[in-house]
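Inside the fold
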Amino acid sequence: MTEKVAALIGAPTDVGAGARGASMGPEALRVAGLARALARQGVQVEDTGNLAGPGNPWQPPLDGYRHLPEVLHWNRTLFDAVTAQLQAGRMPVMLGGDHCLGVGSVGAVARHCSRAGRPLRVFWLDAHTDFNTAHLTPSGNVHGMPVACLCGFGPDELVNLGGAGPALRARDLRMIGIRSVDRQERLFVHEQGLDVYDMRMIDEIGMRAVMQAALADLPENTHIHVSFDVDFLDPSYAPGVGTTVQGGPTWREAQLCMEMLADTGQVASLDIVELNPALDVRNGTAEAAVQMVESLFGKSTLVREKAPKT
Ligand SMILES: [Mn+2]
């Protein structure tokens, strides 16, 4: 068995967010021991350092978007960095940064998969669907729009970041943990047929059944990309994000979600985004995120052959 190599790519920016501070996320994740946690799971880690890009000008929206030129700059740089790691056969682990970076990260993964003829399934772990457009958004913050951009709804430069039109179709996505969707966005999510597993469904059928449904009919050679917005976690143990929403998955529910993704053995790229150290308490949210990522890379209580069938 060849050893997996994960390439950490820091993207220290908050140009897409409604609060300052996510730009400090990459360093907080390093301080919380991300590299050591991955190494414990038998993953070789190469920290490629942080990408460079423009600062946050903190301006109001222009034509429905805040900081679009800066958002574009960061996403272009990230797209190239993720592409380079995929081409080198490494697993890109993007340390955000706010979730606007999902456009560049998932965009690069999608182009890589499409060129390799490999099916892709994206797991969007988040309190929000991030499916806003300039017309629907109340704020103009691009971190609320990456999924829409990836699916073809957004400014041309972002939609065509990979040069070949929209990166994803709605059916390539599974959204888990959703509990806050803007009113207009809700209709658009419905109209586009996104596969959303909201908190009510997790309450009603449990995380296990939710993940079984979200992982159903996974083709053998699928590349799984996990876009982990730290606001997916319940704020009781993960307060260090700009957009906390009460009523998220419990610690164990979140861990089960990660463990079931790990069981597939097909997770091939990851984003960790929206961690905001300025709002955290003694780096506890970063530590919680690192523990979740360790589960995603196979940490479990007991040695298991594979997940029980029914
Ligand atoms: Mn998000």
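This section reports on the structure supplied with the text. (Residues numbered from 1 in each chain as written. Predicted model: local features only at pLDDT ≥ 70, side-chain atom pairs only at ≥ 80, totals over all residues.)

1. With respect to the overall build of the protein chain
This is how it is decided: Runs of E in the DSSP output that reach at least two residues are strands. Runs of H or I that reach at least four are helices, and both are numbered from the N terminus. With C-alpha atoms as the basis for the radius of gyration, the globule rule is written as 2.2 Å multiplied by the number of residues raised to the power 0.38. Exposure criterion: with C-beta atoms placed from backbone coordinates, a residue whose C-beta has 20 or more other C-beta atoms within 10 Å is buried, one with 12 or fewer is exposed, and one in between is partly exposed. Two residues qualify as being in contact provided that their C-beta atoms, derived from the backbone, are within 7 Å of each other.
Counting its regular elements, the protein chain contains 10 helices and 8 strands. A compact globule built from 310 residues would reach a C-alpha radius of gyration of about 19 Å, and the protein chain, at 18 Å, matches this within 12%. Counting every position in the protein chain, which comprises 310 residues, the buried fraction comes to 53%. Of all intrachain contacts in the protein chain linking residues separated by at least 6 positions in sequence, the fraction that spans at least 24 positions is 76%.

2. Description of the sheet that holds strand S6 (residues 196-198)
As a reminder, the rule being used: Here, a strand pair is defined by DSSP locating no fewer than two bridges between the strands. An axis is simply a line fitted to the C-alpha atoms; with a helix, the fit covers only the stretch in contact. Between two such axes, the angle follows the N-to-C directions and lies from 0 to 180 degrees.
The strand order across the open sheet formed by 8 strands is S2-S1-S3-S8-S7-S4-S5-S6, and the pairing between neighbours is parallel. With one partner strand each, in any of the chains shown, strand S2 (44-50) and S6 form the two edges of the open sheet. Going across the sheet, the axis of each strand differs from the next one's by a mean of 15°, ignoring polarity. Summarising the sheet, strand S1 (residues 5-11) and S2 pair through 5 bridges and their orientation is parallel. Counted as the bridge partner of valine 5 is glutamine 44 from S2. Lying on the sheet, helix H3 (residues 68-87) is in contact with S1 and strand S3 (91-96); it crosses S1 at an angle near 170°.

3. A word on the pairing of strand S4 (residues 120-125)
For S4, the buried fraction is high: 6 of the 6 residues fall into the buried class. Burial along S4 is two-sided: Leu120, Val122 and Trp124 and Arg121, Phe123 and Leu125, pointing in opposite directions, are all buried. The pairing of S4 with strand S7 (residues 223-229) spans 6 bridges and is classified as parallel. Bridging across to S7, tryptophan 124 finds its partner in serine 227. Both S4 and strand S5 (residues 173-178) contribute to a ladder of 4 bridges, which runs parallel. Note that in S5 the partner of phenylalanine 123 across the bridge is arginine 174.

4. A short note on the pairing of S1
Burial within S1 is extensive, with 6 of its 7 residues counted as buried. Relative to S3, S1 runs parallel, the two sharing 6 bridges. Bridged to glycine 10 within S3 is leucine 95.

5. Describing the nonpolar core
Filter applied, for reference: By definition, a nonpolar core groups buried Ala, Val, Leu, Ile, Met, Phe, Trp, Tyr and Cys residues that are joined through C-beta atoms within 7 Å.
With 95 residues, the main nonpolar core has Ile9, Leu29, Val230, Ile272 and Ala289 as its most contacted residues. When residues of this core are assigned to their parent elements, the largest contribution, 9 residues, is made by H3. The residues contacting leucine 29, other than those within four sequence positions of it, are Leu34, Leu95, Ile272, Leu275, Ala286, Ala289 and Val290.

6. Looking at the packing of helix H9 (residues 251-264) against helix H10 (residues 284-296)
Angle between the axes and distance between the axes are the two parameters that describe a pair of packed helices. Using the following cut-off: Angles below 35 degrees are treated as roughly parallel, those above 145 as roughly antiparallel, those between 65 and 115 as roughly perpendicular, and all remaining angles as oblique. Amino acids outside the nonpolar list (Ala, Val, Leu, Ile, Met, Phe, Trp, Tyr, Cys, Pro) and the charged list (Asp, Glu, Lys, Arg) are all regarded as polar, and Gly is one of them.
Running from N to C, H9 and H10 point in directions that differ by 30°, and their axes come no closer than 7 Å. Our classification of the angle between H9 and H10 gives roughly parallel. Between H9 and H10, the contacting residues are Ala254, Gln255, Met258, Glu259, Leu261 and Ala262 on the first element and Met292, Ser295 and Leu296 on the second. Tallied by class, residues from the contact of H9 with H10 come to 6 nonpolar, 2 polar and 1 charged.

7. Some points on the environment of methionine 211
One can find methionine 211 in helix H8 (residues 199-215). Take methionine 211: there are 25 C-beta atoms within 10 Å of it, and that puts it in the buried class. Considered as a pair, methionine 211 and histidine 190 are 21 residues apart in the sequence and their alpha carbons are 20 Å apart. Residue contacts for methionine 211: discarding those within four places in its chain leaves Cys257 and Met260.

8. Here's the deal with the environment of alanine 88
Turning to its location among the elements, alanine 88 is positioned in the loop between H3 and S3. The exposure class of alanine 88 is exposed, given the 11 C-beta atoms found within 10 Å. Residues alanine 88 and valine 5, 83 residues apart in the sequence, show an inter-C-alpha distance of 9.9 Å.

9. Observations concerning H3
Stated precisely, the cut-off is as follows: In this scheme, a helix's expected span is set at 1.5 Å multiplied by one less than its residue total.
Counted at 1.5 Å a residue, the expected span for H3 with its 20 residues is 28 Å, and the 28 Å between its end C-alpha atoms agrees. Inspection of H3 places Leu68, Glu70, Val71, Leu72, Trp74, Asn75, Leu78, Phe79, Ala81, Val82, Gln85 and Leu86 among the buried residues, and these make up the whole buried set. Backbone geometry just downstream of H3 places glycine 89 in the positive-phi region, at approximately 80°.

10. Regarding the packing of H3 against helix H4 (residues 102-116)
Here is the rule we go by: For any pair of crossing helices, the crossing counts as left-handed if the nearer helix is rotated counterclockwise from the farther one by less than a right angle, and right-handed if it is rotated clockwise.
H4 packs onto H3 with a crossing angle of 40° between their chain directions and a minimal axis gap of 8 Å. If you check the angle between H3 and H4, you find them oblique. Two packed elements cross with a definite hand, and for H3 against H4 that hand is right-handed. Of H4, the residues touching H3 (which contributes Asn75, Arg76, Leu78, Phe79, Val82, Thr83 and Leu86) are Val103, Gly104, Ser105, Gly107, Ala108, Val109 and His112. Classifying every residue of the contact of H3 with H4 gives 7 nonpolar, 6 polar and 1 charged.

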